[in-house]
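# Structural description and commentary
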Amino acid sequence: MTPNWSNWSGRLTADAELVHVRSEDDVARRVAAAEPGSTIRVAGRSHSHMPLIPNDDTIVDTSGLNGIISTNVDDQTAWIWAGTPIAALGAPLHAAGLALKNQGDIDRQTIAGAAATGTHGTGRTLQNISASVIGARIVLVGGEVVDCSASERSDLWEVVRLNLGAVGVVTRLHLQLREAYKLREDGAIQPFSEVIDDLAVRPDRSRHYEFFWLPDRDLVVGKAIDETDDEPEYPLAREGRRVAWNYEVLPNHRAWKHTEMEYSIPDDEGPACVAEIRDLVRSDYPDMPWAIEYRTLAADDVWMSTAYQRRTVTISLHYDVDADEEEMYRAAERIFRQVDGRPHWAKLNYLDGEDLASIHPRWDDWWRVRDAADPDGVFLNDYLTMIRP
Ligand SMILES: Cc1cc2nc3c(=O)[nH]c(=O)nc-3n(C[C@H](O)[C@H](O)[C@H](O)COP(=O)(O)OP(=O)(O)OC[C@H]3O[C@@H](n4cnc5c(N)ncnc54)[C@H](O)[C@@H]3O)c2cc1C
């Protein structure tokens, strides 16, 4: 029988009742009607590789909660329906003179799904999407609808900013934005040896800097993106040569299905750590065809963020979705853990609750607030129960 839910890669499946909601009332009714002892998980665009969504009872599909509710140009903020894909935000925000401060490598995710896992782009001065969440409305267990922000139910807000879908169904987010801006993207291909010499300081010279190391050719495909006053050039050139508005330049098309492991490590460990990952791949996995990605991320104060109070470098490994990646990912994970790495919440890792508690300074606070909001674990699944203290 075909399962009724699967994630983007097709690796994860579930046979749960898929509930499509179109309003906050819908969400509140469905949550209030949950059978005692049953569980509810929420899905955005199901792009997460970790088993955050699968359960046997109910999966709430938020695609019907879509669009911008209101914008405030003076304080550069907007209220946005939780299920809105990031791809659907760029043009209408731009029409209001506003823009996201940054975004990830693709724009298919929902805004709530991206915030719920700490999704980020690259840029040494730029924080992840969760750090832009200044308020939210959420449906809690029993169907209670509440607002939270730094000044209202502030502990709940701290958890909701990066919530793993474990507190309730977020119906709308209040986001801190900035004024609209144009970007120029320049790509360069260089030998790894040239890039590594300069890597500690290279991210300082651009608003966004990242690279993909190609193991089969030992080359680095680098990308630097900076603000510009130049006129946009349409049709958009290919990746590595674009000049246009932020939401046109930053996202890419990633068609090839893959799995991914990503760790956040302290910024100053980045160059040595990526060199060690390269050594591992060259010596033990010389046929590995997938690129390894290197990005930077500013520190933030989001409780469960991988950049919590720490300037960060992120390093990602990718592998074919049909391949068995576990041995290589575990070997890489040992390297990341030696430098106090924190795994991306949505990407593959092998840590248990004790491991995660040891690397997230606000672990106990996050769980204390979550458990108070949902003592019976209605919004937990097997994975979250496994890591729960
Ligand atoms: C091809 C690809 C590229 C990617 N690129 C990047 C990248 O550049 N940077 C990066 O950091 N990550 C990246 N990711 C990871 C991705 O951003 C995260 O998996 C993100 O969470 C996906 O958003 P989604 O809408 O699909 O959320 P889902 O995977 O559907 O859900 C993620 C989590 O959010 C919860 N959730 C979703 N909606 C709600 C809601 N309304 N209320 C409460 N909880 C909710 C879910 O329960 C789950 O726990 C990428 C993933 C893929 C497959």
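In this report, we go over the structure that sits alongside the text. As the structure is a prediction and not an experimental result, all values here were calculated from the model.

Calculation notes
Residues numbered from 1 in each chain as written. Predicted model: local features only at pLDDT ≥ 70, side-chain atom pairs only at ≥ 80, totals over all residues. Heavy atoms only, no water. Helix = DSSP H or I, 4+ residues; strand = E, 2+ residues; numbered from the N terminus. Buried < 20%, exposed > 50% of the residue type's maximum accessible area, 1.4 Å probe, protein only. Contact = heavy atoms within 4.5 Å. Areas by Shrake-Rupley, 256 points an atom, 1.4 Å probe, with all protein chains shown as cover. Lys, Arg positive; Asp, Glu negative; His and termini not counted. Charge placed at Lys NZ, Arg CZ, Asp CG, Glu CD. Pairing = 2+ DSSP bridges. Axes fitted to C-alpha atoms, helices over the stretch in contact; angles between N-to-C directions. Near = heavy atom within 4 Å. Polar contact = N/O pair within 3.5 Å; in protein donor to acceptor, adjacent residues only side chain to side chain. Nonpolar A, V, L, I, M, F, W, Y, C, P; charged D, E, K, R; others polar. Salt bridge = Lys/Arg side-chain N within 4 Å of Asp/Glu carboxyl O.

### Some thoughts on the overall build of the chain
For the chain, the helix and strand inventory stands at 11 helices and 20 strands. Judged by the C-alpha coordinates and their principal axes, the chain covers about 60 × 50 × 40 Å. In the chain, which comprises 389 residues, the proportion classed as buried is 60%. Counting contacts in the chain only where the partners sit at least 6 residues apart, residues at least 24 apart contribute 69% of the total. Accessible surface, the chain as shown: approximately 16000 Å² in total, 46% of it carbon and sulfur. Considering the chain, the positive charge centre built from 40 side chains and the negative charge centre built from 65 side chains are found 3 Å apart.

### So, the sheet that holds strand β7 (residues 77–81)
Pairing is antiparallel across the open sheet formed by 5 strands, whose spatial order is β6-β7-β11-β9-β10. Lying at the two open borders of the sheet, with one neighbouring strand each, are β6 (68–72) and β10 (145–149). Taken pair by pair, the neighbouring strands of this sheet meet at an average axis angle of 15 degrees, ignoring direction. The pairing of β6 with β7 spans 4 bridges and is antiparallel. Looking at the pairing, Thr-71 lines up with Ala-78 of β7. Lying over the sheet, helix α4 (residues 154–161) contacts β9 (133–139), β10 and β11 (169–176), oriented at roughly 95 degrees with respect to β9.

### Concerning unusual backbone geometry
Generally, phi is negative for residues other than glycine and the peptide bonds are trans, each holding for most cases. The peptide bond linking Tyr-234 to Pro-235 adopts the cis configuration, its omega dihedral lying at -5 degrees. Along the chain, Pro-235 falls in the loop between β15 (219–227) and β16 (243–245). Phi is positive for Ser-46, close to 55 degrees, though the residue is something other than glycine. Here Ser-46 is to be found in the loop between β4 (40–43) and β5 (58–61). With relative accessibility at 10%, the residue Ser-46 sits in the buried group. Residue Gln-76 is not a glycine yet carries a positive backbone phi of 55 degrees. Considering the arrangement of structural elements, one finds Gln-76 in the loop between β6 and β7.

### Description of the site of the ligand
In the region of the ligand, 36 residues are neighbours, and Val-42, Gly-44, Ser-46, Ser-48 and Asp-105 sit closest. Between an oxygen atom of the ligand and a main-chain N or O atom of Arg-45, the distance comes to 2.9 Å. The fraction of the free accessible surface of the ligand (970 Å²) that becomes covered by protein chains is 99%. Listing elements by their share of the shell around the ligand, those giving two or more residues are β4, α3 (111–116) and β11. Along the lines of polarity and charge, the residues of the shell around the ligand split into 14 nonpolar, 17 polar and 5 charged.

### Quick look at the pattern of salt bridges
Under the counting rule described, the total for this entry stands at 38 salt bridges. Note that Glu-210 and Lys-223 form a salt bridge whose closest N and O atoms lie 3.9 Å from each other. Residue Glu-210 is located in strand β14 (residues 208–214), and its partner Lys-223 is located in strand β15; the two are separated by 13 residues in the primary sequence. Taken as a pair, Glu-210 and Lys-223 share a single burial class, namely buried. In this structure, Asp-371 engages Arg-370 in a salt bridge whose closest nitrogen and oxygen atoms are separated by 3.0 Å.

### Here's the deal with the pairing of β11
The buried count for β11 comes to 7 of 8 residues, which makes it a mostly enclosed element. Here β7 runs beside β11; their pairing, made up of 5 bridges, is antiparallel. Opposite Ala-78, over in β11, you have Leu-175 as the bridge partner. With 6 bridges connecting them, β9 and β11 associate as antiparallel partners.

### Some words on the pairing of β9
A regular strand places its side chains so that they alternate between the two faces of the sheet. Of all 7 residues making up β9, 5 are buried, and the element is well covered by its neighbours. Hairpin connection from β9 to β10: 5 residues lie between these consecutive antiparallel strands, with Gly-142 at a positive phi of about 90 degrees.

### Concerning the sheet that holds strand β3 (residues 17–20)
Here we have 3 strands laid out as an open sheet, ordered β3-β5-β4, and parallel in their pairing. Two strands close off the open sheet at either side, each with one partner strand: β3 and β4. Averaged over all adjacent pairs, the angle separating strand axes in this sheet is 30 degrees, with direction ignored. Where β4 meets β5, 4 bridges bridge the pair, whose relative direction is parallel. By the bridge assignment, Val-42 is partnered in β5 with Val-60.

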